[in-house]
Amino acid sequence: MATAAAVVSALGAGAHAQDQFDKYTLKSPGGIAFSDFRGYEDWAVVSSARTDEVLKVIVANPAMIQAYKAGVPGNGKPFPEGSKIAKLQWSFKKSKEAPFVVDVPDAPTQAFLIEKDSKRFPKTGGWGYALFNHDVKTGKMAADPAPVDCGHTCHVAVKSKDYIFHPYQKR
């Protein structure tokens, strides 16, 4: 988990200064504004994951972390309105400094944002989804105009967990 926290910190520190401000003007085609996730860099880590292509760190806002700690979704209750979770992704490389083999973040690739608002998103279990892609060359993020990287279609597989894949990892 400490590594995951360092990765989240690296996203904020590694992004270009201009990008830190420009991304907050972005809005997804589904209506989710990046500015609604302001401060995500300091949210608590829920989980981390690695695929063959990317490192992922999943963070959540305080309302969602409190719900996780209260047993949601395992206790059969849904996450509260206003819950927000972000899956942050990076390409990775082998560390040149560590005395052992370890993958570390390289360039940010995507931010996948999910927000619980049953009034705005009644057809998708109360959750809204947005995908923002990071352009490594310019250091800027852009809303994905037609996200094909999951969204509600993927999350139906975990409907019994209030549409959220990652459990809150034990510390």
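Please refer to the structure placed before this passage.
Cut-offs and rules
- Residues numbered from 1 in each chain as written.
- Predicted model: local features only at pLDDT ≥ 70, side-chain atom pairs only at ≥ 80, totals over all residues.
- Heavy atoms only, no water.
- Buried < 20%, exposed > 50% of the residue type's maximum accessible area, 1.4 Å probe, protein only.
- Helix = DSSP H or I, 4+ residues; strand = E, 2+ residues; numbered from the N terminus.
- Arc of directions from axis to C-beta.
- Salt bridge = Lys/Arg side-chain N within 4 Å of Asp/Glu carboxyl O.
- Core = buried A, V, L, I, M, F, W, Y, C linked by side-chain atoms within 4.5 Å.
- 1 Å grid on protein atoms, 1.4 Å probe; cavity = no way out; pocket = protein on both sides within 12 Å on 5 of 7 lines; lining within 4 Å.
- Points joined across faces, edges and corners; volume = space filled by probe spheres on them.
- Nonpolar A, V, L, I, M, F, W, Y, C, P; charged D, E, K, R; others polar.
- Contact = heavy atoms within 4.5 Å.
- Pairing = 2+ DSSP bridges.
- Axes fitted to C-alpha atoms, helices over the stretch in contact; angles between N-to-C directions.

J.: Give a description of helix α3 (residues 62–69) that names residues and reports values.
T.: Listed in full, the buried residues belonging to α3 are Met-64, Ile-65, Ala-67 and Tyr-68. Viewed end-on, α3 has its buried residues packed into an arc of 160°, placing them on one side of the element. Turned more than 90 degrees away from the buried face of α3 sit Pro-62, Gln-66 and Lys-69, all of them exposed. Directly after α3, the chain includes Gly-71, whose backbone phi takes a positive value near 105°.

J.: Before we move on, can you summarise the pattern of salt bridges with the specific residues and values?
T.: Scanning all chains against the criterion turns up 8 salt bridges. With a shortest N-O distance of 3.0 Å, Arg-50 and Asp-103 are connected by a salt bridge. Of the two residues, Arg-50 sits in strand β1 (residues 44–50) while Asp-103 sits in strand β4 (residues 103–116), which places them 53 residues apart along the sequence. Between Glu-115 and Arg-120 there is a salt bridge; the shortest N-O distance is 3.5 Å. By relative accessible area, which is 38% here, Arg-120 ends up partly exposed.

J.: Could you give an account of the nonpolar core, naming the residues involved and the relevant values?
T.: Phe-34, Val-59, Leu-88, Leu-113 and Phe-132 are the most contacted members of the largest nonpolar core, which totals 19 residues. The dominant element in this core, judged by the number of residues it contributes, is strand β3 (residues 84–94), at 3 residues. Core analysis: the second largest hydrophobic core is formed by 17 residues, Ala-60, Val-72, Phe-112 and Ile-114 among them.

J.: Can you break down the layout of surface pockets residue by residue, with the values?
T.: Empty space within the second largest pocket amounts to approximately 170 Å³. At the level of secondary structure, the elements contributing two or more residues to the lining of the second largest pocket comprise β2 (55–60), β3 and β4. Ranked by residue count, the leading element in the lining of the second largest pocket is β3, at 3 residues. Tallied by class, the residues present in the lining of the second largest pocket amount to 9 nonpolar, 2 polar and 2 charged.

J.: Lay out the environment of Ala-49 with the relevant residues and their values.
T.: As for its position among the elements, Ala-49 is in strand β1. Remark: the alpha-carbon pair of Ala-49 and His-166, spanning 117 residues in sequence, is separated by 9.2 Å. Non-local contacts of Ala-49, meaning those with residues more than four positions away in its chain, are made with Val-54, Leu-55, Lys-56 and His-166.

J.: Now, about the sheet that holds β1: what can you tell me, with residues and values included?
T.: Here 6 strands make up an open sheet; going across it, the order is β1-β2-β3-β4-β5-β6 and the pairing antiparallel. Taken across any chain shown, the strands that pair with only one partner, and hence form the sheet edges, are β1 and β6 (140–143). Recorded for the sheet is a direction-independent mean angle of 25° between the axes of neighbouring strands. The pairing of β2 with β3 spans 6 bridges and is antiparallel. Looking at the pairing, Leu-55 lines up with Trp-90 of β3.

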